[in-house]
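Here is what each chain is made of, one letter per residue.
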Amino acid sequence: MLSLIDKLEKNRCLSLDEYRYLIDNRDGTAADELARRAVRIRREIYGNTVFIRGLIEISNICKNDCIYCGIRRSNHSCDRYRLNPREISDCVDEGYSLGFRTFVLQGGEDEYFSDDVVCDIIRGIKNKYPDCAVTLSLGERGRESYKRMYDAGADRYLLRHETADRAHYNKLHPKEMSFDNRMECLKNLREIGYQVGCGFMVGSPYQTGAELAKDLKFIEGFKPDMCGIGPFVPHRDTPFAGEKQGTVELTCYLISIIRLIYPPVLLPATTALGTIHPLGREAGIKAGANVVMPNLSPVAARKKYELYNNKICTGEESAQCVSCLKDRMKSIGYEVVTDRGDIRKIERR
Ligand code: 5AD
Ligand code: FES
């Protein structure tokens, strides 16, 4: 095990079998060793800083029907909403005064948010706050659409690949969704010039060490600027309601490995991680994550944007309580910084 960890740190890559071995044979000692090395390499690049992003959940209306997701179109118990451009810009104003310099506009695939509408919103933010980065997380769109939004000023795009295994992808998604299209979207985003984020859920149904090994191999090749991983958390109104939830332990283990595969990557300690354990996000940071994304959505919207049950969103983790977050990070030796928090591709070694 130790020699495998050495090899990973030295070469920044392993074979599929080796990744699988690392996952299937993990124990506390391996986890500590990976975390220690992940934290060391992150410190060389980012010091003890943690970046914050203001998350604005612009709509929970979604034309997709991902089996795991609480806002899937088949969930008729979901109380739907969308924010209008005015409400979004109010969130941004509030976030700016709280110290945020990156705004993440995230939403379901809602037809209302046409290219024209989204481009206007992006231009509005960039004109008013040229020192801020705009990140989009609006699902699958055509290349032309991605290009228009990029030209309007969007800097980054988050689109989790969800799983790098085609058969697994097909078990998590309805027939009309395609693994190839997902991958094509990521490729287009990259070519257009976005800083691109991929990612996956940990402990999703049917996932084993073999699928996770493929995710790691994919990340090794794609070298995403950002990578969002969080535990799968079942939602009561989905077909996966009775499935097991992912763990903090495995999520943190994978965070450390991903940091070692691609040291400059921006890795969030996700809301899902904070949801399944009160100190989940701290655990993520200690494993090698360097980003947190507090919620800036209007309070009424937050509960409705329920991808999974019991989502944390109104307490200490919200953007309004950024000072609590700062204290929490300080308590584990980290400093929350106010800047755009771009990827630093040059390793200071
Ligand atoms: N548990 C955890 N994460 C989820 N997501 C969607 N549903 C769930 C769930 N039940 C994640 C997906 C998606 C992102 C926006 O949220 O990975 O890409
Ligand atoms: Fe696909 Fe929500 S419907 S992630």
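Overview of the structure. This one's a predicted model, so the numbers in the text were calculated from it and none came from an experiment.

Observations concerning the side chain of Thr49
- Tracing the sequence through the fold places Thr49 in strand S1 (residues 49–52).
- Within polar-contact distance, the side chain of Thr49 engages the backbone oxygen of Tyr46 at 2.5 Å.
- Once residues lying within four places of it in the same chain are set aside, the contact partners of Thr49 are Asn290, Glu335 and Val337.

Thoughts on the packing of aromatic side chains
- A full pass over the atoms with the stated rule returns 10 aromatic pairs.
- Residues Tyr206 and Phe240 carry aromatic rings whose centres are separated by 6.4 Å and whose planes lie at 70° to one another, so their mutual orientation is edge-to-face. Placement of the pair is Tyr206 in the loop between strand S6 (195–202) and helix H9 (209–222) and Phe240 in the loop between strand S7 (226–231) and helix H10 (248–261), with a sequence separation of 34 residues.
- Summarising the aromatic geometry, the rings of Phe218 and Phe222 are spaced 5.4 Å apart at their centres and angled 10° between planes, so their arrangement reads as stacked. On the criterion of helical spacing, the pair formed by Phe218 and Phe222 is a turn pair, its members being 4 residues apart in helix H9.

Section: the sheet that holds S6
- Judged by pairing direction, the sheet is parallel, and its 6 strands sit side by side in the order S2-S3-S4-S5-S6-S7 without closing on themselves. Looking at strand neighbours, the two that pair on one side only are strand S2 (54–59) and S7, the edges of this open sheet. Between one strand and the next, the sheet's axes are offset by a mean angle of 20°, whatever the strand orientation.
- Running at roughly 150° to S6, helix H8 (residues 179–192) makes contact with strand S5 (156–158) and S6 of the sheet.
- Each of S6 and S7 touches H9; the most contacted strand, S6, lies at about 170° to it.

Some words on the site of ligand 1
- Around ligand 1 sit Tyr68, Cys69, Arg160, Glu162, Met201, Pro231, Phe232, Val233, Leu307 and Tyr308, and that is every residue in its neighbourhood.
- Between Arg160 and ligand 1, the recorded distance is 3.0 Å, taken from a side-chain N or O atom to an oxygen atom.
- The separation between an oxygen atom of ligand 1 and a polar side-chain atom of Glu162 is 2.5 Å.
- Taking 410 Å² as the accessible area of ligand 1 by itself, protein coverage stands at 88%.
- Each residue belonging to the shell around ligand 1 can be placed in one class, and the counts come to 8 nonpolar, no polar and 2 charged.

About the cut-offs
Residues numbered from 1 in each chain as written. Chains lettered and ligands numbered in written order. Predicted model: local features only at pLDDT ≥ 70, side-chain atom pairs only at ≥ 80, totals over all residues. Heavy atoms only, no water. Helix = DSSP H or I, 4+ residues; strand = E, 2+ residues; numbered from the N terminus. Polar contact = N/O pair within 3.5 Å; in protein donor to acceptor, adjacent residues only side chain to side chain. Contact = heavy atoms within 4.5 Å. Phe/Tyr/Trp six-rings, centres within 6.5 Å; stacked < 30°, edge-to-face > 60°. Pairing = 2+ DSSP bridges. Axes fitted to C-alpha atoms, helices over the stretch in contact; angles between N-to-C directions. Near = heavy atom within 4 Å. Areas by Shrake-Rupley, 256 points an atom, 1.4 Å probe, with all protein chains shown as cover. Nonpolar A, V, L, I, M, F, W, Y, C, P; charged D, E, K, R; others polar.

In short, the description is geometric, and any link to function would need to be established separately.
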